[in-house]
Each structure stands twice: as structure tokens, then as C-alpha cells.
Amino acid sequence: NIIPPLYHNFNQTWCGSMKIGIYQLTKIGIYHIIYLRNRQEVNHMKIHVVNNQVDGAVLAVDLLREKLANGAKVIGLATGSSPLEFYSVLRESDLDFSDVTSVNLDEYVGLGEDSDQSYVHFMKENLFNAKPFKQSFLPNGLAKDLTEEIARYNQILADHPVDFQILGIGRNGHIGFNEPGASFDAVTRVVDLAPSTIEANARFFAHPEDVPKQAISMGIANIMAAKTIVLMAYGKEKADAIKAMVEGEVTEEVPASILQKHNDVVLIIDQAAASKLG
Ligand code: GLP
């Protein structure tokens, strides 16, 4: 078994209590040991516990690099603090996106490029200004007609199937802005943000009341259509969400739990986020 180069920096890979892998590169060769106990329980979720966000970013960029080399043309992008180092490593990389399309998960209703908390602003600052894409799509939070904007975005997703989707996870298990209770069948739509999400995201705004109450978000069905999904999560405040996603029941009350049903999900998490896994 040859281990792809992307594993070189990592000496531990495991899926909850269910799957443990040890990858090690030595001068004389590569040893690959996998102990498989109950693959079904984790539905092929490949979990990498990394030391920190920088290691996680390097791993995620290596995964992306491999997919691009194999013809990936559309990547799905996320905002938030979890992928910040990922974007930093991407900016410094030699990767070229001039023939790649990006689609973003979500945008706050009412915020546009002029707002430094809009996701379009975030993406320009963290990636697009340094690494222009062939085309980059985000929902338009300032659209006058939200129904039209939603139809436009769903058409964009239909025209550009995502090869590689980056995800974060909310403390309540949301992905994108699909809050607990969101239908697994949902596509892009306007969503009301959960009070706990408004509270969690208030740290980015000058005043808590400035946090928008609604967003335009890809639905779970859109996210699940991606060929490969890489979810990053760091910190102890994500530990409950990670446990529920990996080991809990698949339920709309934990939107991320649907990822157990996807056949190519990679989780990149630190020790703190992994701390409640069994
Ligand atoms: C936000 C975004 C999500 C993001 C999540 C976690 O509300 N809509 O896409 O994954 O919350 O954010 P963070 O990475 O900052 O914890």
C-alpha cells in the first residue's frame, strides 16, 4: 500500500473509536497500518486529528491539490474562522485557480461587499484578491428580489457541480447556515439564523444587534451533491457538534449528521474538537 504524499505530515488518523490508522513515513519506506473495527458506524468518515489549524490547513490543501490534479474544476468554499489558515496556505501556495470555478455556501441577507462582515468581503480578503478564479459565485445578500436570487443560485449550482467542498460546522451542528431542523432535502433558500448562531457570530460584529437575522444558504441537498467534502473544526466549543455528527443519530436536529451518509467525507479536527469522541 502506497500512502499518498498528503499523509506525510500526519501520524495519526482515526474515526471516532471505530477506526484507527497510523501513517508513518520513514527513510526506508512507508508503513501503513489500519485497524478497522466498525466501518459502518462512521459511514466512511475519514477523521484526521491534527495538532493545530496550520497542520489541518496543510492537509486540506494537499487534498485539494490532489483533486485539482485529477481534474476537479469546481470547489465549494466556506467562511468563518475554521478555514482561515486553509486560505492562508492556499494564498501562499503555487496553486493556480484561473481555470477553476468557486461557489460559496452562504451569505448574510442585507450585507454586501461594502460590509467587512459580508462573506463576499471575507472571500476577497482571504482568497480571491490573491488567487483569482475563473469565476466565483456567492449568493447576493443585497438582492432586491430574494426569490429570483435563490433561483439564480440554484441554477449556478446545477450548472457547476461541486467537486470539492470545504465546510466548517456551527456549535449547534449547522453546516452552511442549515440550522437544526433544516430539511435534508433543502436546496438554496433564505433561512432564519438560530439564536445560538447569532450569539456565536456576534464576536465578529461591533454590536450584537448588528448580526443579520437571516442568510441565503445552500441547502443540505446541495452540500451532499459535492463529490468530496472536507470539514474543518477546531476548539473545544465544537466538541459536542463533532460527537453528534460522527457518533450520533442521523437527524435533521443535527444537520451535519447527514454527512455520515456521504461516501467521501474527510474531517480535519484538533484534539479539543475530537475530545468527546468515544
Ligand atoms: C458560520 C457559517 C458556517 C461556518 C460556521 C462556523 O455561521 N455560516 O459556514 O462553518 O458558522 O464558524 P467558525 O468556523 O467561525 O466557527
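Refer to the preceding data block for the structure.
Residues numbered from 1 in each chain as written. Predicted model: local features only at pLDDT ≥ 70, side-chain atom pairs only at ≥ 80, totals over all residues. Heavy atoms only, no water.

Novice: Can you help me understand the packing of helix 3 (residues 84-92) against helix 4 (residues 119-128) in this one?
Specialist: What describes two packed helices is the angle between their axes and the distance between those same axes. Close contact between helix 3 and helix 4 brings their axes to 9 Å; oriented N to C, the two are set at 45 degrees. As summarised for this structure, helix 3 and helix 4 are arranged oblique, according to the angle between their axes. For the pair helix 3 and helix 4, contact is made by Leu 84, Tyr 87, Leu 90 and Arg 91 and by Phe 122, Met 123, Asn 126 and Leu 127, respectively. Of the residues contributing to the contact of helix 3 with helix 4, the split by class is 6 nonpolar, 1 polar and 1 charged. (Axes fitted to C-alpha atoms, helices over the stretch in contact; angles between N-to-C directions. Helix = DSSP H or I, 4+ residues; strand = E, 2+ residues; numbered from the N terminus. Parallel < 35°, antiparallel > 145°, perpendicular 65-115°, else oblique. Contact = heavy atoms within 4.5 Å. Nonpolar A, V, L, I, M, F, W, Y, C, P; charged D, E, K, R; others polar.)

Novice: Any chance you could explain the environment of Gly 56 here in plain terms?
Specialist: Its place among the elements puts Gly 56 in helix 2 (residues 53-69). A sequence separation of 213 residues divides Gly 56 from Ile 269, and the C-alpha atoms of the two residues are 7.2 Å apart. Residue contacts for Gly 56: discarding those within four places in its chain leaves Val 50, Tyr 234 and Ile 268.

Novice: Quick question: what am I supposed to make of helix 3 here?
Specialist: Quick reminder: α-helices carry 3.6 residues per turn. Residues three or four places apart thus point the same way. Residues of helix 3 that are buried: Phe 86, Tyr 87 and Leu 90. What you see down the axis of helix 3 is that its buried residues fit within an arc of 95 degrees, all on one side. On its buried side, helix 3 packs onto helix 2, strand 5 (74-77), helix 4, strand 9 (164-167) and strand 12 (228-233). (Buried < 20%, exposed > 50% of the residue type's maximum accessible area, 1.4 Å probe, protein only. Arc of directions from axis to C-beta.)

Novice: Sorry, what's going on with the sheet that holds strand 10 (residues 189-192) here?
Specialist: Backbone-to-backbone hydrogen bonds join strands into a sheet, with any given pair of strands oriented parallel or antiparallel. With antiparallel pairing, 3 strands are arranged side by side in an open sheet as 7-11-10. In this open sheet, the two edge strands, each paired with only one partner strand, are strand 7 (106-108) and strand 10. Sheet twist, expressed as the mean angle between neighbouring strand axes with direction ignored, is 30 degrees. Strand direction decides the pairing type here: strand 10 and strand 11 (residues 214-217), joined by 4 bridges, are antiparallel. Each residue of the ladder has a partner; that of Asp 192, found in strand 11, is Gln 214. (Pairing = 2+ DSSP bridges.)

Novice: Is there a simple way to explain the nonpolar core in this structure?
Specialist: Considering soluble globular proteins, one finds that nonpolar side chains tend to be buried as a cluster. Core analysis: the largest hydrophobic core is formed by 78 residues, its most contacted members being Phe 86, Leu 231, Ile 242, Met 245, Leu 259 and Ile 268. Ranked by residues supplied to this core, first place goes to helix 2 with 7 residues. Apart from residues lying up to four places away in sequence, Ile 242 is in contact with Ile 169, Leu 231, Ala 233, Ile 269, Ala 273 and Leu 277. (Core = buried A, V, L, I, M, F, W, Y, C linked by side-chain atoms within 4.5 Å.)

Novice: Help me understand the pairing of strand 6 (residues 101-104) in this model?
Specialist: Neither face of strand 6 is open: one carries Thr 101 and Val 103, the other Ser 102 and Asn 104, and all of them are buried. Bridge count between strand 5 and strand 6: 4 bridges; the pairing is parallel. By the bridge assignment, Val 74 is partnered in strand 6 with Thr 101. Running through helix 3, the crossover from strand 5 to the neighbouring parallel element strand 6 is right-handed. With 3 bridges connecting them, strand 6 and strand 8 (residues 135-137) associate as parallel partners. (Right-handed = clockwise from strand over helix to strand, strands pointing away.)

Novice: Could you clarify how one ought to interpret the packing of aromatic side chains in this entry?
Specialist: In this description, a pair of aromatic rings is defined by centroid distance and the angle of the planes. Using the criterion set out here, one finds 8 aromatic pairs in the structure. Ring centres of Tyr 108 and Phe 205 lie 5.8 Å apart, and the angle between their planes is 80 degrees; on these two criteria the pair is classed as edge-to-face. On the criterion of sequence distance, the pair formed by Tyr 108 in strand 7 and Phe 205 in the loop between helix 6 (195-201) and strand 11 is long-range, its members being 97 residues apart. Owing to a relative accessible area of 11%, Phe 205 belongs among the buried residues under this scheme. Put simply, the rings of Tyr 108, Tyr 119, Phe 177 and Phe 205 touch in pairs and so form one group of aromatic residues. (Phe/Tyr/Trp six-rings, centres within 6.5 Å; stacked < 30°, edge-to-face > 60°.)

Novice: Help me out: how do you make sense of the pattern of salt bridges in this one?
Specialist: Pairs can form between side chains of opposite charge once their charged atoms are near each other. Summed over all chains, the structure comprises 9 salt bridges. Asp 99 serves as the salt-bridge partner of Lys 73, at 3.4 Å between the closest nitrogen and oxygen. Of this pair, Lys 73 sits in the loop between helix 2 and strand 5 while Asp 99 is found in the loop between helix 3 and strand 6, placing the two residues 26 residues apart along the sequence. Assessed through its relative accessible area of 40%, Lys 73 is described here as partly exposed. Classification of Asp 99 as partly exposed rests on a relative accessible area of 41%. Between Lys 227 and Asp 163 there is a salt bridge; the shortest N-O distance is 2.6 Å. On the criterion of sequence distance, the pair formed by Lys 227 in the loop between helix 7 (220-224) and strand 12 and Asp 163 in the loop between helix 5 (146-159) and strand 9 is long-range, its members being 64 residues apart. On the basis of relative accessibility, which here comes to 13%, the residue Asp 163 falls in the buried class. Each of the salt bridges in this network shares a partner with another, and the network as a whole consists of Lys 46, Lys 67 and Asp 264. (Salt bridge = Lys/Arg side-chain N within 4 Å of Asp/Glu carboxyl O.)

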